[in-house]
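# Structural characterization, general
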Amino acid sequence: MDFEQYRNNFSKEALKLGYSEQNVVRCLDYAAVLFSNNVPVIYNISHLGQLVGYKKEYLKKASTYGDNFYRNFEITKRNGTKRLISEPLPSLKEIQLWILKNILYKIPVSPVAKAYKPKARIIENLKFHRNQPKVLTLDLENFFPSIKMKATQNVFLNLGYSKYMANILSKLCTKEDSLPQGAPTSPYLSNLIFKSADALIFDFCRQREIRYTRYADDLSFSGDFDEKMLLGKVTDIIESLGFKINNTKTKLMTPNTRQTVTGIVVNQKPQVVAHKRNALRQALYYIKKFGLKEHQEYKEIVQKNYLEHLLGKVNFVLQINPNDNEYKNYKDFLIDLKKKNELGIKNASPSLI
């Protein structure tokens, strides 16, 4: 439906319901802006409830008492510290997914943002930094928690939503005044909110022929540059927008060292770092030799989806280097093993697999 059709249909129905002509014009002026941005027209919380399939009372509770609509748990990061994950309850998650697909995905992010987009592939972040004189990587500290509700509200305000609706939508996407790690809306919102910083950093780098990409909270730069000047400028931009660089993770890599971007070697051809490949190779060796169940028991692996976990890691290696015959064979082996497990051949001897 184009806006002219919407205008005609809305005017007829609104006048039947007793709306004044002044109110009809006011509503249509509001709707016109949202139509121009290709996002749904939402007049009030009752209207939002109709669109998402939940009563307005539920939306009011979820937006007012958001803390009660999440399940919190911790996961261990690679450095051994803990990361808090706040997973929305299924009903709130369904609403957030509606907001993501129908509103947020309609807004383009910066072309330098290589993560958190539909069909995004990590290889797109790597190809810009292959075989460069220098590679500098920076990490943003507490990325999601640094993004506050006011910033998310501005995303919806800039689309043309009323202050009231922008406030409701932003509250449905935040927890304790920031983006929760675990909500499906948080990653894409982070891209949208960091868009202005991406633009400033990219413009600075473009003028100096420096390559810049961002994968989530990892910023990567490559080329021939003065690293002190670059780091100083990027730090100023980052801090002026309320973010902070984690200085302990700042890395400058030259050609005579292993250059990595988001954990992938980029000196010549992109490749997953050796210690990760070796760990996978070792796990597959023991599974082939002793069997999956025996390997898990010996290593005390209680992960229920361990087979799928391994397959995901192998697929990741192949995503970076599709022509890796060794890992192609590992993939075939794991797929065959998974089929046998699904058929109930869980204790097959190594000779059978």
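Because the structure is a prediction, the values reported are computed rather than measured.

In terms of helices and strands, the chain carries 16 helices and nine strands. Across its three principal axes, the chain shows a C-alpha extent of roughly 80 × 60 × 35 Å. Relative to its full complement of 353 residues, the chain shows a buried share of 44%. Within the chain, counting contacts between residues at least 6 apart in sequence, those at least 24 apart form 66% of the total. Surface exposure of the chain reaches about 19,600 Å², of which carbon and sulfur atoms provide 51%. Both charge centroids of the chain, one from 55 positive and one from 34 negative side chains, sit 3 Å from each other.

According to the stated counting rule, one finds 19 aromatic pairs in the structure shown. Relative to Tyr188, the ring of Tyr105 has its centre 4.9 Å away and its plane inclined at 85°; by these criteria the two rings are edge-to-face. You can see Tyr105 sitting in the loop between helix H5 (90–102) and helix H6 (123–126) and its partner Tyr188 sitting in helix H10 (residues 186–193), a full 83 residues away along the chain. Three or more aromatic residues joined by ring pairs form one cluster here, namely Phe3, Tyr6, Phe10, Tyr19, Tyr30, Phe35 and Tyr43. The ring of Phe225 has Lys134 lying over it, and the distance from NZ or CZ to the ring centre is 5.8 Å.

This part takes up the sheet that holds strand E7 (residues 260–261). Reading across the sheet, the three strands line up as E7-E8-E9 and stay open at both edges, with antiparallel pairing between neighbours. The open sheet has two edge strands, E7 and strand E9 (271–272), and neither has a second partner. Judged from the two bridges that link them, E7 and strand E8 (residues 264–265) form a sheet pairing that is antiparallel. Note on E8: the bridge partner recorded for Thr260 is Val265.

Attention now goes to the packing of helix H13 (residues 274–290) against helix H15 (residues 306–320). The axes of two packed helices give the description: the angle between them and the distance between them. Two elements in contact, H13 and H15, have axes separated by 11 Å at closest approach and are oriented at 135°. Accordingly, the angle class assigned to the pair H13 and H15 is oblique. When the axes of H13 and H15 are compared, the crossing they make is left-handed. Contacts from Arg277, Leu280, Ala283 and Ile287 of H13 reach H15 at Tyr306, Leu310, Lys313, Val314 and Val317. Residues belonging to the contact of H13 with H15 are distributed by class as follows: seven nonpolar, no polar and two charged.

Another point: the pattern of salt bridges. Scanning the entire structure with this criterion turns up 11 salt bridges. With a shortest N-O distance of 3.6 Å, Glu4 and Arg7 are connected by a salt bridge. With Glu4 and Arg7 both in helix H1 (residues 3–16) and three residues apart, the pair spans about one turn of that helix. Assessed through its relative accessible area of 45%, Glu4 is described here as partly exposed. For Glu13, the salt bridge identified is with Lys16, shortest N-O distance 3.9 Å. Pair noted here: Glu13 and Lys16 are both in helix H1, with a separation of three residues, about one helical turn. For Glu13, a relative accessible area of 45% gives the class partly exposed. A cluster of three or more residues bridged by salt bridges with shared partners is formed by Arg277, Arg281, Asp324 and Glu326.

Our next topic: the environment of Arg208. Relative to the assigned elements, Arg208 resides in the loop between helix H11 (195–206) and strand E4 (211–215). Separated by 49 residues in the primary sequence, Arg208 and Leu159 have C-alpha atoms spaced 33 Å apart.

The subject of this paragraph is the environment of Leu140. In this fold, Leu140 is placed in the loop between strand E3 (134–139) and helix H7 (143–146). Distance from Leu140 to Leu15, taken between C-alpha atoms, is 53 Å for residues 125 residues apart in sequence.

It is worth spelling out unusual backbone geometry at this point. Not every positive phi belongs to a glycine, and Asn142 is a case in point at roughly 50°. Considering the arrangement of structural elements, one finds Asn142 in the loop between E3 and H7. The exposure class of Asn142 is exposed, given its relative accessible area of 51%.

Core analysis: the largest hydrophobic core is formed by 68 residues, its most contacted members being Leu48, Ile99, Ile103, Leu104, Tyr161 and Phe221. Residue contributions to this core peak at six residues, all from helix H2 (residues 21–36). Not counting the four nearest positions on each side in its chain, Leu48 is found in contact with Ile42, Leu59, Trp98, Met165, Ile168, Leu169 and Leu172.

In this section: H11. With 12 residues, H11 should cover 16 Å at 1.5 Å per step; its first-to-last C-alpha distance of 16 Å lies within 8% of that length. Among all positions of H11, only Ala197, Asp198, Ile201, Phe204 and Cys205 are buried. The buried residues of H11 occupy one face: seen down the axis, they fall within an arc of 135°. The secondary structure elements touched by the buried residues of H11 are E4, strand E5 (218–223) and helix H12 (227–240).

Assignment of secondary structure puts Thr152 in helix H8 (residues 149–159). By relative accessible area, which is 0% here, Thr152 ends up buried. Setting aside residues up to four positions removed in sequence, Thr152 forms contacts with Ile147, Ser170, Thr174, Leu179, Leu189 and Ile193.

Conventions and cut-offs
- Residues numbered from 1 in each chain as written.
- Predicted model: local features only at pLDDT ≥ 70, side-chain atom pairs only at ≥ 80, totals over all residues.
- Heavy atoms only, no water.
- Helix = DSSP H or I, 4+ residues; strand = E, 2+ residues; numbered from the N terminus.
- Buried < 20%, exposed > 50% of the residue type's maximum accessible area, 1.4 Å probe, protein only.
- Contact = heavy atoms within 4.5 Å.
- Areas by Shrake-Rupley, 256 points an atom, 1.4 Å probe, with all protein chains shown as cover.
- Lys, Arg positive; Asp, Glu negative; His and termini not counted.
- Charge placed at Lys NZ, Arg CZ, Asp CG, Glu CD.
- Phe/Tyr/Trp six-rings, centres within 6.5 Å; stacked < 30°, edge-to-face > 60°.
- Lys NZ or Arg CZ within 6 Å of the ring centre and 35° of its normal.
- Pairing = 2+ DSSP bridges.
- Axes fitted to C-alpha atoms, helices over the stretch in contact; angles between N-to-C directions.
- Parallel < 35°, antiparallel > 145°, perpendicular 65-115°, else oblique.
- Left-handed = near helix turned anticlockwise from the far one by under 90°.
- Nonpolar A, V, L, I, M, F, W, Y, C, P; charged D, E, K, R; others polar.
- Salt bridge = Lys/Arg side-chain N within 4 Å of Asp/Glu carboxyl O.
- Core = buried A, V, L, I, M, F, W, Y, C linked by side-chain atoms within 4.5 Å.
- Expected span 1.5 Å × (residues − 1).
- Arc of directions from axis to C-beta.

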